[in-house]
Every structure is written in structure tokens, then in C-alpha cells.
Amino acid sequence: MRKRKLCSKKVRRAARRRARKAGLFEKIVLKSLGRRDGKKSLPRQKDNGSWFSPFMDRKVRAFAMFGDNLWTLLQREQEEKYIQIENLNYAISQKQSLLDEKCQALEQRKEEKSRQLLLRKEGEDQLSDTVIKSRRAAEFAKDMEPARQEILSLTYQIRDDIRDLALLCSSIHEECNTIRMVCHGCKDSMIQRLDIYWDAALKSHPDKDRMPVIPEVTVVLEHEEKYMEMHKYNMLRAEKILERYADHADREVA
């Protein structure tokens, strides 16, 4: 656990470094690199029509590697939570099936007992129907109490499991949102640095009349999709379970 927290601190530091705005000294360096690469005609037009340079390629690749490392670390830290979600999904389904069976069996017993409310035992011939019904109802209630307790226990267990499942899903979504914001912040920071570099390269490039005013950089954040794909089934199943019980709770309130 300590190692995971330490890694998270390292990532947060790296994210802060990457997401910060370019300082005065860094701007000077970026402009110098841009002027040098512009004079060497290093920003060149690719087959797809966009202009790119080795410096820009390194920046984009570094960002892609950073995003990949960030989501990989998050996956490791959340591994136990996903296992818990899978176990809770299975446990809730099994307990609900058992609960449905017990509720159905209890209803059947109630129907059977309801037909025996006027059943008279030895020595009860002189009692009224009202007294007989009261006695049979008390006996049946006592007889069915163990089944009711089992149903109540299962209901409480499912409720607790649903609460734990909701907390786990909420935690995962919150952590993913945090990483997503970090990635977008780092992307914006990278684009800012490329703009500074490009502006300097554009001014000194021999083909500056054909070059775009701003760099055409395509950055695809596919790390999240690749990371979430392996957990897609369990998360969708958990969401369906939470929706089902949320609808059930709404109906009970109504």
C-alpha cells in the first residue's frame, strides 16, 4: 500500500511539472530550438499534408508515453477494486436469486396457511371462528418467522453489498476523472510549448509562406479506452445492478 501511494505521489509531481506553464527560460530555449530547426527546414510537410519536426515528434511521443504510464499505474492501483466489484456482482446476483426463491416459497406457504385459518384442533369445537382464526394466525406467524428472518437477513446483506458496490464504482469514476483531467492538462501544456516552438520555426523557415500559422498536431488519447476495455463488462454489469436497485428503491418510496 505504501508503495502505491509513493508511486501516486511521483505521478502527481510529474503531472504538475508537465502541466505547468512554460517559464521565461523555457520559452527562450523553445524559441531558440524553433529558429534553429526553421533554418534547417526540419519542420517538413508529411504525406497527409501536415507539418512536423523531430522535436515535435519527441514531444508527442513523450506525452503518449506519459499518458500510458499514468493509466497503467491507475490500473494497478485499482486492480483490487475491480476484483471486489466482480465478487460483489456475483454475490448480489446469487443472493437475489436465493431471496426470490425464499419469497416465493413464503408466499406459497401463506396461501396454504390462509386456507387453514378455520382448521380446528382437538378441544376447540366450542370456540368461535374469530378465536380460531386468531389462534391459527398466531401459530402460522410463529411457524413462518424463521423464513421471514432469513429473507430479512438476505435483504440487509444485499443492501450492504449494493452500498459497497456504489462506493467502489464512485471511487473508480472519481480516480479516472482525475487522471483524465491530468492528461488533458498535460496535453494543453504540450500544445502551448509546441506553439512557442512553431512560432519561432515559422519565422525562420524557407517555406514559411506555405506553412500553417499554428502547428497541426493530432494527439489521440487512446490510453483510457485501452485501459477501460478490460473492465467494461464488470462495470456495465455493476451499473445495471445499481440502476435496478435504485429503481426498486424509488418504487418503494413512491
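All figures in this text were calculated on a predicted structure; none of them were measured in a lab. (Residues numbered from 1 in each chain as written. Predicted model: local features only at pLDDT ≥ 70, side-chain atom pairs only at ≥ 80, totals over all residues. Heavy atoms only, no water.)

(A) Seen up close, the packing of aromatic side chains. For the structure shown, the criterion picks out two aromatic pairs. Taken together, a centroid distance of 4.4 Å and an interplanar angle of 35° make the contact between phenylalanine 55 and tyrosine 197 tilted. Of this pair, phenylalanine 55 sits in helix H3 (residues 54–114) while tyrosine 197 sits in helix H4 (residues 129–204), placing them 142 residues apart in sequence. Taken as a pair, phenylalanine 55 and tyrosine 197 share a single burial class, namely buried. With a centroid separation of 5.3 Å and 40° between ring planes, the pair formed by tryptophan 71 and tyrosine 227 is classed as tilted. Pair noted here: tryptophan 71 is in helix H3 and tyrosine 227 is in helix H5 (residues 223–229), with a separation of 156 residues, a long-range link. Taken individually, tryptophan 71 and tyrosine 227 each receive the classification buried, so the pair is uniform in this respect. Stacked on the ring of phenylalanine 52, the Lys or Arg lysine 46 has its end atom at 4.7 Å from the ring centre. (Phe/Tyr/Trp six-rings, centres within 6.5 Å; stacked < 30°, edge-to-face > 60°. Helix = DSSP H or I, 4+ residues; strand = E, 2+ residues; numbered from the N terminus. Buried < 20%, exposed > 50% of the residue type's maximum accessible area, 1.4 Å probe, protein only. Lys NZ or Arg CZ within 6 Å of the ring centre and 35° of its normal.)

(B) Quick peek at a positive patch on the surface. Side chains of Lys21, Lys27, Lys31, Arg35 and Lys39 sit close together on the surface and give a patch of like positive charge. Inspection of the secondary structure assignment puts lysine 21 in the loop between helix H1 (2–19) and helix H2 (24–39). (Patch = residues over 30% accessible without salt bridge, like charges linked within 9 Å, V, L, I, M, F, W, Y side chains within 5 Å. Areas by Shrake-Rupley, 256 points an atom, 1.4 Å probe, with all protein chains shown as cover. Salt bridge = Lys/Arg side-chain N within 4 Å of Asp/Glu carboxyl O. Lys, Arg positive; Asp, Glu negative; His and termini not counted. Charge placed at Lys NZ, Arg CZ, Asp CG, Glu CD.)

(C) Representation of the nonpolar core in the model. Of all hydrophobic cores here, the largest spans 47 residues; its most connected members are Met56, Trp71, Ile85, Ile92, Leu165 and Val217. Listing elements by their share of this core, those giving two or more residues are strand S2 (51–52), H3, H4 and helix H6 (232–253). The element contributing the most residues to this core is H4, with 21 residues. Other than its neighbours up to four places away in sequence, isoleucine 85 contacts Leu165, Leu168, Cys169, Ile172, Asn234, Met235 and Ala238. (Core = buried A, V, L, I, M, F, W, Y, C linked by side-chain atoms within 4.5 Å. Contact = heavy atoms within 4.5 Å.)

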